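Secondary and tertiary structure notes
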Amino acid sequence: MTTPRILEPGDIRAAIELLDVHAGTSALLAGGVSWMLRQVRGEALPPILLSLAGIDGLADVAVVDEDLVIGAMTRLVALERSALVADQAPGLIEAVEAVGSVRIRSQVTIGGNLAAGVPRYDPPPMLIALDARARLASPRGAREQALDGWAPGLPGTSADEILIAIVVPPRAPRSAARYRSIDGLSGGAPEHAAAAVRIDLGEDGTIVEARIVSADASAAPRRCGPAEARLIGRIPDAEAADAAAALAVASATAATDALRTPGALGGDDRPAADRHELIGVATRRALLAAFTDLAAGPLGAGARGA
Amino acid sequence: MTDGYGAAGDDAAAIDRLRAPEHRPDLVEKVRGQTRFVADRVVPGALFGAVLTSPLPHARIRSVDISRAASLPGVRAVLTGADLRDRRFGRRLLDRPVLCWDRVLFIGDRIAAVAANTEAAAGAALAAIVVDLEPLPPVFDIGLADAPDAPILHDDPATYRYLDGVRPPVPHPNVQGHLLVEHDAAGLEAAFARASTVVSSEYRTPRNHAAHLEPHSTIVVPQADGGLLIHSTNKAPYALRGQVAATFGLDAATITVDARAIGGDFGAKGYSIDEFVAVALARATGAPVRMDTSMTEELAATSVRHATVIRLRTGLDADGRILVHEAEVRMDGGAYAGAKPIPSLVPGGATSALIAYHVPILRIDARVLYTNSVPGGHVRGPGEVQALFAGESHVDELARAAGLDGLTFRERNAVRVGQTGGNGQGFVEPKAVEVLAAIRADRTDRGDHPAGGDRPARQAVEGPRARGWGMAITARHVGLGGAFPLAATVDGDGIITVTTGVIDQGGGAHTVIRRVLAAALAIDEDRVRVRVVTTSDAGPDRGVGASRTTHLASRAALDLAGRIRGWFDERLPPDQAFTMDVATSSRLIGDTPIALSGRYDSETAHGAHGHHDFAACVVELSVDTETGALDIHDVLVVVDVGTIINPVSHRGQIVGGLVFGLGQSTMEELVIADGRIETRNLDTYRLPRTIDIPPIRVIELPTRIGPGAFGAKMAGELTNAVVGPAIANAIADATGSRLHELPLTASRIRAARRAST
């Protein structure tokens, strides 16, 4: 098996040029674990891999024009420890902490997680719930693309585009975001059901905006529109959480498991009804945690505002 | 004067020295990454060996066309079963073909082999081989494998060679091995008839893998004199030498096995596969051939813990005492029996379901069956893990039926001195009562203060929780295993250099030798050096494993120490007592070191037989009743282990065994579908991670009754079998739903709860 040549451009422009020069024979070294697993499985690797590790500024976290801008090369452990993330997007910390171990989070970058991830990765559902956007650079300049609709490989992007940052918009004054994942094993396959939620309250204490994003091991995370709609105008209470969770189960049941790959990385052979039941549990728990944060006011772990 | 536990005089002083933590002689190199494992070794000119395996579980080989493969650049040899017809290998029964010539019996069975200049060329050659297979009906169900009309998987097993004895008879051609254990069994049905309570249950356990992180590797190097040098990861190098000689009709003396560094074992490194193909390729090419197994090959096509179906029936008297017990154990042996070294070809632990109890009337029928699946072999605690899950789950069901709690039931039925245990055997000083007493004391001390209340959770603990506790008890033999020789030199500075062919696969054998010698001679450990050599440079032994190594190595070291001391005693003035300082200052040894040897034969040694370790385990946990997720708050294990020689490694074995057992009972399963292993790497064959490990407490019983030096026993295969049933019993206590199948996954817990409501 041929070992790919690793190129390390010094800035984004050079990286874009190298991608252009080696079009068809190169790929970005994003998601090193995924590349390693492909190699282990005997899959052919591209002759050239471009590492972004030497590019200054790609691992920065900053607030720019009220947006939280997270460089694509930011390691997950740095996100966990970021005061800016804790203030602007505490729910993201909860999702990041669900990833592997400290050892793994010390190596994994948020960009690699998004670009080369598998459905059961934890941060993407929360980023979708936070209405985050992917910032991309290419020979045609920079652009942003909503992460809603995310799937492994970042659908909607082209081969000459480089993910350089994730942009999280500012939070509403009374907002809470929470993440719950349920991990286990079934028939030897890892089972995973997760829900990321974001709840914004209006001045009257009712829900004015909701994001409910569910995920399991067999499909990309998906927003549950009916569940979100059911919450609008309601008081955040257990009854509302139960109703939304039931609709999340229904949405999961209706969704097509487009990425279902039994036996492969991310595969899950459990009966669908069982998986969907766990999505309901994760959704209800995430919502109840968010509601508790909102009731607790500014001290709530995932909440902001009073 | 004794040390309080029965050891007297010099023994007490030696035992006192053994309390200090050990320094493992192999540790520095390993920590620095300097140890050269087989896969690290470079042999100039070595070819790359590779094998083409069957994609079908059972098929007739119509043809194999190697013409294109053989003509590819860089390809040095292509062999098929036709070239190696009737060459079979195995640890005891030689039933597995080096390359199949007429039939393939599992997905992974080998059809052709290639030696090439590069790995890529070997891969290309494999891809160019054309095989025509005619599918045959497969046998997957061990319940049907020995049915009268079952397809016979081995046409003429009577022709298979059986090493070191005569193969015991089997009742059906598809039976690899059969054990029938009976004690007063003539009265079996009458006893069931008069029993106050009879409980019958069925349990299932899956295939597990030992999951040693170093896959098997080998390099076979033809020697100028016509012999073979085999670099191998096999932990029983002398046995491998004999097996290779038997398969190829060679003189064992012409074969040297070098297995001096092994990276993990857990029971599975006594079985070699690639060595045989590599020998054939090396003989065909005259060149060295290397083969390094991938983890996928390890998981899918080497050898695994036997899957089982175990049916138990037990009768109790009105006081909740066991009157009679019957067990039917069916083990999936896969396509070949050759991975098992034991004479019966049935993993010995298979009869251990009620081993720690007095059972007056008993019948155990244990069979290993041929199927069209990956071969069953030895993994840490072979047979015990399966039998104990069944037996100790069954005991809790018996206790419930008798209206007793699990601890009281066990106390009432625990085997005592002079009684027959649940495996039909007696014990030397059984400690079942003592380990249960320690459990009772701990439960009393804890009272209403369950453990683990302040254990940090990874995420918030939410949802409905059910809390419970469960326990299990086990016994495991201290192993035997023939002669164990040690050779040594002592130089004028009193430096003892021990030469041994026994390898240390991480279990601490070399440290045992070093520390026992040092303790017995009252010298610093640094004065003892252990030199591990190939099979050509030391006397033969059976290899590490079977819970015998500490017993044998320590006694051989003690014998050697006695001979060293005796050599000096004969030469020192009568009024001068031996110490090594006195001995060296007397200049009895000149420039040439003296050579001495020690030896221990466990089969003939007085008092070596019948020793067991006993252990009991209590698990406290809570179950998220919505998701089935387990949160284990506390694990307590009480172990009767005799004198401890390597304190750090010993604790590592006890705790590491618990973690190993926790993984194999709650998450590890080689999922198989139509004969194909689906969990083909460590992403789907999940092992415990650091965050999966609960708080563990260990209580060691202070006994000195083992057959090893100074009363040592064993530790490596004790706790891994007892933790699984303790968890199963705790789940049943918490949820009211009993799982009868391993692993104890969240989805199974949910399913059991759904079924019970």
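Residues numbered from 1 in each chain as written. Chains lettered and ligands numbered in written order. Predicted model: local features only at pLDDT ≥ 70, side-chain atom pairs only at ≥ 80, totals over all residues. Heavy atoms only, no water.

If you tally the helices and strands in chain B, you get 17 helices and 29 strands. The C-alpha atoms of chain B give 27 Å as radius of gyration, which agrees with the globular expectation for 757 residues (27 Å, within 12%). Each principal axis of the C-alpha distribution contributes one length, and for chain B these read about 80 × 75 × 60 Å. Across the 757 residues in chain B, those meeting the buried criterion constitute 62%. Counting only contacts in chain B whose residues sit at least 6 apart along the sequence, the fraction spanning at least 24 positions is 81%. Between the centroid of the 78 positive side chains of chain B and the centroid of its 89 negative side chains there is a distance of 1 Å. (Helix = DSSP H or I, 4+ residues; strand = E, 2+ residues; numbered from the N terminus. Rg over C-alpha atoms; globule rule 2.2 N^0.38 Å. Buried < 20%, exposed > 50% of the residue type's maximum accessible area, 1.4 Å probe, protein only. Contact = heavy atoms within 4.5 Å. Lys, Arg positive; Asp, Glu negative; His and termini not counted. Charge placed at Lys NZ, Arg CZ, Asp CG, Glu CD.)

Right, let's get into unusual backbone geometry. Residues and elements named next belong to chain B. Looking along the chain, the bond that leaves Leu-742 and enters Pro-743 is cis, with omega of -5 degrees. Mapped onto the elements of the fold, Pro-743 is located in the loop between α16 (723-735) and α17 (746-756). Non-glycine residue Ala-211 carries a positive phi angle of around 55 degrees.

The nonpolar side chains of a soluble globular protein tend to be buried, and buried together. All names here are of chain B. Grouped together as the largest cluster of nonpolar side chains are 84 residues, with contacts concentrated most on Val-619, Leu-621 and Ile-727. Once residues within four sequence positions are removed from consideration, Leu-621 is found in contact with Ala-466, Arg-467, Gly-468, Leu-630, Asp-631, Ile-632, His-633, Ile-727, Ala-730, Ile-731 and Ala-734. Grouped together as the second largest cluster of nonpolar side chains are 82 residues, Val-220, Val-502, Val-582 and Ile-645 included. (Core = buried A, V, L, I, M, F, W, Y, C linked by side-chain atoms within 4.5 Å.)

Moving on: the confidence of the model for chain B. On average, residues of chain B score 94 in pLDDT, and 97% of them reach the 70 mark or higher. Among the scores for the predicted complex, ipTM is 0.83 and pTM is 0.92. (pLDDT = per-residue confidence, 0-100.)

Two faces, one strand: in a regular strand the side chains alternate between the faces of the sheet. Residues and elements named next belong to chain B. Of all 8 residues in strand β21 (residues 483-490), 6 are buried; the element is thus mostly enclosed. Here 8 bridges tie β21 to strand β24 (residues 594-601), and the two strands are oriented antiparallel to one another. Residue pairing across strands places Ala-487 opposite Ser-597, the latter belonging to β24. Linking two consecutive strands that pair antiparallel, namely β21 and strand β22 (residues 496-500), is a turn of 5 residues; a positive phi of about 80 degrees is found at Gly-494 within it. (Pairing = 2+ DSSP bridges.)

Residues and elements named next belong to chain B. Following both chains from N to C, one finds helix α12 (residues 509-521) and helix α13 (residues 549-571) inclined at 35 degrees, their axes separated by 8 Å at the closest point. Our pair here, α12 against α13, has a crossing hand that is right-handed. Residue-level contacts link Ala-509, Val-512, Ile-513, Val-516, Leu-517, Ala-520 and Leu-521 of α12 to Thr-549, Thr-550, Ala-553, Ser-554, Ala-557, Leu-558, Leu-560, Ala-561, Ile-564 and Arg-565 of α13. Along the lines of polarity and charge, the residues of the contact of α12 with α13 split into 13 nonpolar, 3 polar and 1 charged. (Axes fitted to C-alpha atoms, helices over the stretch in contact; angles between N-to-C directions. Left-handed = near helix turned anticlockwise from the far one by under 90°. Nonpolar A, V, L, I, M, F, W, Y, C, P; charged D, E, K, R; others polar.)

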